[in-house]
Amino acid sequence: MANVADLLHAVPTDADEPGLAGETRLRELFARLSLRPVPTGTWRRFWRLGGLHAQIGLAYTMHWLRGWFQGAERKQRDLAATRLNAAFRLLETMGYLRGAIMKVGQTLANFPDFLPEEFVATLERLHFLAPPMHFALVREFLHNELGGDPEDVFASFETEAFAAASLGQVHRARLKTGELVAVKVQYPGIARTIRADVRGLVTLLWPLRLSRDWDSVKARIEYIHRTLELETDYRNEARLQERVRSLFREDDGIVVPRVFQEYSTHRVLTMEYLAGRHVHDYLAAGPTQDKRNRFAAKLVRSWYRLFYAARLHHPDFHPGNFIFMDDGRLGLIDFGCVLELEDEDWELMGKSDRPLTTGRRDERLAFLKEWLDLPSDAPEDDRLSLCDRYAEACWKPRTAAGEFDFGDEQEFRRAFDLFIEMLRKRYTRGRPLDAFISRWDFGSRSMLYRLQARVDVRAIAEQEIAATGWDRSDYATLSN
Amino acid sequence: MRVSQQAKASTRKRILDSARVLFVREGFEHATTRHIAREARIAAGTLFNYFPTKEAIAAALVGEALDAAQEDFERRRRRCSLEEDLFAQVAAGLRRLKPFRRFLRPVLQSTPHPAGVADNEAAAIRGEQMERVRRLLAEHGIEPESPLTLQLYWTLYVGVLGFWTADRSPKQEDTLALLDQSLAMFAAWLRETARPESQRSHN
């Protein structure tokens, strides 16, 4: 997949803006946004989305018409241009609406199987454009939420945020009882408007409606809608955080910050502050292979612990969600995206354990047929074959005996390339949970690749499964 | 008999205290000037020597709240951007006005246009607020070229207050977002107009 910089260099220009390079255009677009009025009501937002839908529809129609008299190669180029122009319009509207729709944009950027790659690459920009809150706004919001000014509620409160959160920002503070805390503050009003904005999302993705996978895409949007609603509720996140915290013991070397409920609401989350570095700064200090391996093993163990001990799936292996502490402990923060698996998903995911353990292709194919909702006697067509190769690549760290080298670039690229091939062939139909699994696959592989780590994933998985007392005696000895 | 300035001030204060209680307890619509006079233990006719209408009483209460808010704002003030300063000033007002939120709308209606004719109390509020903003802008190095700047601010300010009086979002959080974004827009516009014509954006 091309990166944003490549796309910006390749971006076509509109006839009315001759000579403007993509980067300039994007910069000017954001300069213009600051001068615009902000729509506040649902109807105005929806009207705006409706206008956008018409613009994107028009762009696609123009492409279709031009396609009648253009050669194949040119047509491909033109499709990319059309999509990129549409992506700019999407970005402009999302930036304009800011707040809630931005969250949707960020979420979509994490689900590349929804959208043409130009959309995804453009949407990725939104990760860096969350609206910051100045202290006066933070103070008023906290006054409303906690019943007093931050200067009065806390012993001290840093006026500058030290970290951005997708729906707000995080400030360091000290409680009057002495504890150093991180206070996550949500941008006002953002949670309620998400509901209205996601409703417009199906309309927004109208150009994809003719795809054979449209029903599947719609189902996934509904799934995302439900999870987004939970993610915006910090009370829910606090509950999950406390649940996850209870899963780890001191000797795991994995720490989850304590939540201070009396300083938390649906929109404010106050937790113990964990001192440490994110992966970028950690790697800049040049840690040894052994130290990197140990952190990587903790990353892997954290996911398996949540999954097997609590039926939780943590899809958001974003670098900002992990703290590399100086004493060697790994800090886990941000549980807004953690999914509590429903019975059906849990049972089906549990069935993957058999092919994961044995590593046998026939068992992997049988599992994939069930996952893809195909009859058990379905022939192995191109789609199933490709899904199998993709699953094999994704599962390799788990099926491999001994340490798996996550720094192997060829292995890293293989899963990625297969995923792109699936996208290109539009084999995107699947379960709503797929998007969250892909997000974890790529998020975790990227983190471990950056660490250039070697981890015995299989041994960790076996330990975590054994701790649950799950009886796998009928196949656990079949492993290759 | 001449009424001393002290007695006048005392009566005025009694009227406002009574009105504050009645407006909150009975609602602005149901609290009449007769009720207010009775609560303040004065004759109904006397009340009109101080305030010509019920709206003028409400405006005076709003004016008092905004004076107190300005003191709050000055006390808490810190070095910050123009946007933040403007936000903090309006937000301080919203806090002080909170008990009167339900009857703020009639006061706003009595000041329909920056250049319009309004009663003395409402006009005084507008004049004082615009002067406060002018001083704040000056402290950020912005001297408005024309009265239009302050009138634009006043329109925006009244719009936010009007939105706030009808805001049904939890703890009126939508007003905070609207205020934040509106003032960011206003500040961006101010900076743009403060630049020489040759350097302005023409998008």
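Residues numbered from 1 in each chain as written. Chains lettered and ligands numbered in written order. Predicted model: local features only at pLDDT ≥ 70, side-chain atom pairs only at ≥ 80, totals over all residues. Heavy atoms only, no water.

1. With respect to the sheet that holds strand β5 (residues 254-255) of chain A
All names here are of chain A. Note the following rule: Pairing between strands is defined by DSSP: at least two bridges between them are needed. By the criteria applied, helices consist of DSSP H or I runs no shorter than four residues and strands consist of E runs no shorter than two, each listed in order from the N terminus. In this analysis, two residues are considered to be in contact whenever any of their non-hydrogen atoms come within 4.5 Å of each other. Think of each axis as a best-fit line through the C-alpha atoms, taken over the contacting stretch in the case of a helix, with angles from 0 to 180 degrees between the N-to-C directions.
What the 3 strands build is an open sheet, ordered β5-β9-β8; its pairing is mixed. The strands lining the two open edges of the sheet, one partner per strand, are β5 and β8 (322-324). Pairing of β8 with strand β9 (residues 330-332), which is carried by 3 bridges, proceeds in the antiparallel orientation. Looking at the pairing, Ile323 lines up with Gly331 of β9. Contacting β5, β8 and β9, helix α14 (residues 289-310) runs over the sheet at an angle of about 35° to β9.

2. Brief notes about the confidence of the model for chain B
All names here are of chain B. Put simply, the rule reads: What pLDDT conveys is the predictor's confidence in a given residue, as a value from 0 to 100.
In the predicted model, chain B carries a mean pLDDT of 84, and the fraction of residues at 70 or more is 88%. Ignoring residues within four places in sequence, the model shows residues 112-117, a span with pLDDT below 50, making 6 contacts including any to other chains. Overall fold confidence for the complex sits at a pTM of 0.76, while the interface term, ipTM, reaches 0.87.

3. Examining the environment of A:Glu363
All names here are of chain A. Put simply, the test is: Any pair of N or O atoms that falls within 3.5 Å is considered a polar contact. Within protein, one atom must be able to donate a hydrogen and the other to accept it, and sequence-neighbouring residues count only if both atoms are side-chain atoms.
Along the chain, Glu363 turns up in helix α17 (residues 361-371). Residues Glu363 and Ala466, 103 residues apart in the sequence, show an inter-C-alpha distance of 21 Å. Other than its neighbours up to four places away in sequence, Glu363 contacts Arg354, Pro355 and Thr358. At 3.0 Å, the side chain of Glu363 and the side chain of Arg354 are in polar contact.

4. Overview of helix α18 (residues 382-399) of chain A
Residue and element names in this part refer to chain A. Quick note on the threshold: How far a helix is expected to stretch is found by multiplying one less than its residue total by 1.5 Å. To get the bend at any residue, fit one axis to the seven residues that end at it and another to the seven that begin at it, then take the angle between the two axes. In this scheme, a residue with accessible area under 20% of its type's maximum is buried, one over 50% is exposed, and one in between is partly exposed, where area comes from a 1.4 Å probe on protein chains only.
Over its 18 residues, α18 runs 24 Å from end to end, which matches the ideal 26 Å to within 8%, given 1.5 Å per residue. A bend of about 35° at Ala393 is the largest found in α18, and the proline Pro397 appears one to four places after it. Of all 18 residues making up α18, 13 are buried, and the element is well covered by its neighbours.

5. Structural notes on the domain arrangement of chain A
Residue and element names in this part refer to chain A. Condition: Domain limits in this description derive from either an automatic procedure or a database domain assignment. Defined in terms of a 1.4 Å probe, buried area is the accessible area two parts forfeit on being brought together, summed over both. By definition here, a salt bridge exists when the distance from a side-chain nitrogen of Lys or Arg to a carboxyl oxygen of Asp or Glu is within 4 Å.
In terms of domain boundaries, chain A breaks down into domain 1 (4-127), domain 2 (131-164 + 167-273) and domain 3 (277-480). With 28 residues of domain 2 at the contact, the number on the domain 3 side is 36 residues. Summing both partners gives a buried area of about 2,700 Å² for domain 2 against domain 3, and 59% of it is carried by carbon and sulfur. Linking domain 2 with domain 3 are 4 salt bridges, by the criterion used here.

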